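As a plain string of letters, each chain reads:
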Amino acid sequence: MEKGAQPSIIIVKKKVHGHGHHGGSWKVALADFMTAMMAFFLLLWLMGSTSKEEQRAISGYFTDPGSEFAIGEGGANPGLINMEQPQKESHTEDPEAKNQNDNENTSKQTIDEESIKRELERIEREQLEELQKQMQEQIEQDAVFQQIKDQIIVDFTALGLRIQIVDKDKRPMFDSGSARLKDYSEAVLNALGPLLNKVPNKISVTGHTDSTPYGMAASYTNWELSADRANAARRALQEGGYPEAKMATVQGMGSAAPYLPDNPSAPINRRIAIIVLKKAVADALSNGGSGIDSDDLIDSTDAAPTEEAEPQPRIMTQKEVDEATDRK
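Residues numbered from 1 in each chain as written. Predicted model: local features only at pLDDT ≥ 70, side-chain atom pairs only at ≥ 80, totals over all residues. Heavy atoms only, no water.

Caption draft 1: Structural context of the pattern of salt bridges. Under the counting rule described, the total for this entry stands at twelve salt bridges. Note that Glu129 and Arg125 form a salt bridge whose closest N and O atoms lie 3.0 Å from each other. On the criterion of helical spacing, the pair formed by Glu129 and Arg125 is a turn pair, its members being four residues apart in helix α4 (residues 95–141). Since its relative accessible area comes to 35%, Glu129 is described here as partly exposed. With relative accessibility at 37%, the residue Arg125 sits in the partly exposed group. One salt bridge in this structure joins Lys168 and Asp150, with 2.7 Å as the shortest N-O distance. Of the two residues, Lys168 is situated in the loop between β2 (160–166) and α5 (183–196) and Asp150 in the loop between α4 and β1 (152–156); the sequence distance between them amounts to 18 residues. (Salt bridge = Lys/Arg side-chain N within 4 Å of Asp/Glu carboxyl O. Helix = DSSP H or I, 4+ residues; strand = E, 2+ residues; numbered from the N terminus. Buried < 20%, exposed > 50% of the residue type's maximum accessible area, 1.4 Å probe, protein only.)

Caption draft 2: Examining the nonpolar core more closely. If you look at the biggest cluster of nonpolar residues, it comprises 35 residues, and the most contacted ones within it are Ile163, Leu189, Leu192, Leu196 and Leu237. Those elements that place two or more of their residues in this core are α4, β1, β2, α5, β3 (203–208), α6 (222–239) and β5 (271–277). Here this core gets seven residues from one element, more than from any other, and that element is α5. Filtering out sequence-adjacent residues up to four positions away, Leu196 remains in contact with Met135, Ile163, Ile203, Leu237, Tyr242, Lys246, Ile274 and Val276. (Core = buried A, V, L, I, M, F, W, Y, C linked by side-chain atoms within 4.5 Å. Contact = heavy atoms within 4.5 Å.)

Caption draft 3: Region of the structure containing the sheet that holds β5. The five strands are arranged β1-β2-β5-β3-β4 in an open sheet whose pairing can be described as mixed. Of all strands in the sheet, those bounded by a partner on one side alone are β1 and β4 (247–252). On average, each strand axis in the sheet is inclined to that of its neighbour by 15°, with strand direction left out of account. Sheet topology note: the β2/β5 ladder contains seven bridges and is antiparallel. Within β5, the residue paired with Ile163 across the bridge is Ile274. α5 contacts β1, β2, β3 and β5 of the sheet and is inclined by roughly 170° relative to β2. (Pairing = 2+ DSSP bridges. Axes fitted to C-alpha atoms, helices over the stretch in contact; angles between N-to-C directions.)

Caption draft 4: Molecular detail of α6. Between the first and last C-alpha of α6 there are 25 Å, a value that for 18 residues agrees with the 26 Å anticipated at 1.5 Å per step. Residues of α6 that are buried include every one of Asn222, Leu225, Ser226, Arg229, Ala230, Ala232, Ala233, Arg234, Ala236 and Leu237, and no others. Looking at the buried positions of α6, the neighbouring elements they touch are α5, β3, β4 and β5. Once α6 finishes, Gly241 follows within two positions and takes phi at roughly 120°, a positive value. (Expected span 1.5 Å × (residues − 1).)

That is the geometry; function is a separate question.
In structure tokens:
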């Protein structure tokens, strides 16, 4: 190359040949193939996790979409998708199987109701036992009860917790032959009102007399006297704070249910009986007394002996009987 001459520049161009119509279409085909394979294996997995009955239902649908395995306008049963509704071979339900299921459900419901009933009865019994305990403690400690505490009998009967206030010789609850309460008897009934109201149970109040009659021609008898005395006791309880709405029954029994059947003229037969009724008993009484034996309501011998010593009245002499007759 001569001095001062410019070097020659050679440009080489490489011709690139395209891939024509093939381009990247193979990638799309591969993606479609892989998607199809995934769907296929997913279908195999789902079919493997279904039951024979579900597989038969699916097969029936694809074989004949209008068959019994298809429902609705489109013939699709959502139960086949979420598998929460296995298909049955027939829409006809076996009556015997249905009756058996109904009987089992009924039996289970009955057992549940009986369990609840027993639990409620247990709770009620505990409440009444606690009331008995509190009542006995207050009778021992409260000064208002001291004068006639040996005339108060607290026990259980088939109907509930019973409190009886009985007469004692020379210490009656009422004025002779009347429904007027003695001051100490009224004070005791006033004090019992708040105690009895500690439980939701209703009460019954029953008046009893002894067998001494008023007289052959008397228009006012032991029946009227016992009813009036029961109402006097009711009023005293209400004055002490017991609500009238919780009074279930107030009745007079005359001398029909003596405390001492062998000595019907004894003072102890003159008494006021208050029963804190079990809820079932109160409900039955409010429905007309259905299922309640009236003898149970007035019977004074239906309870088991209690630990508390009951009054032991002595047999009255003829002179005492005559004096009791004169008082009436």
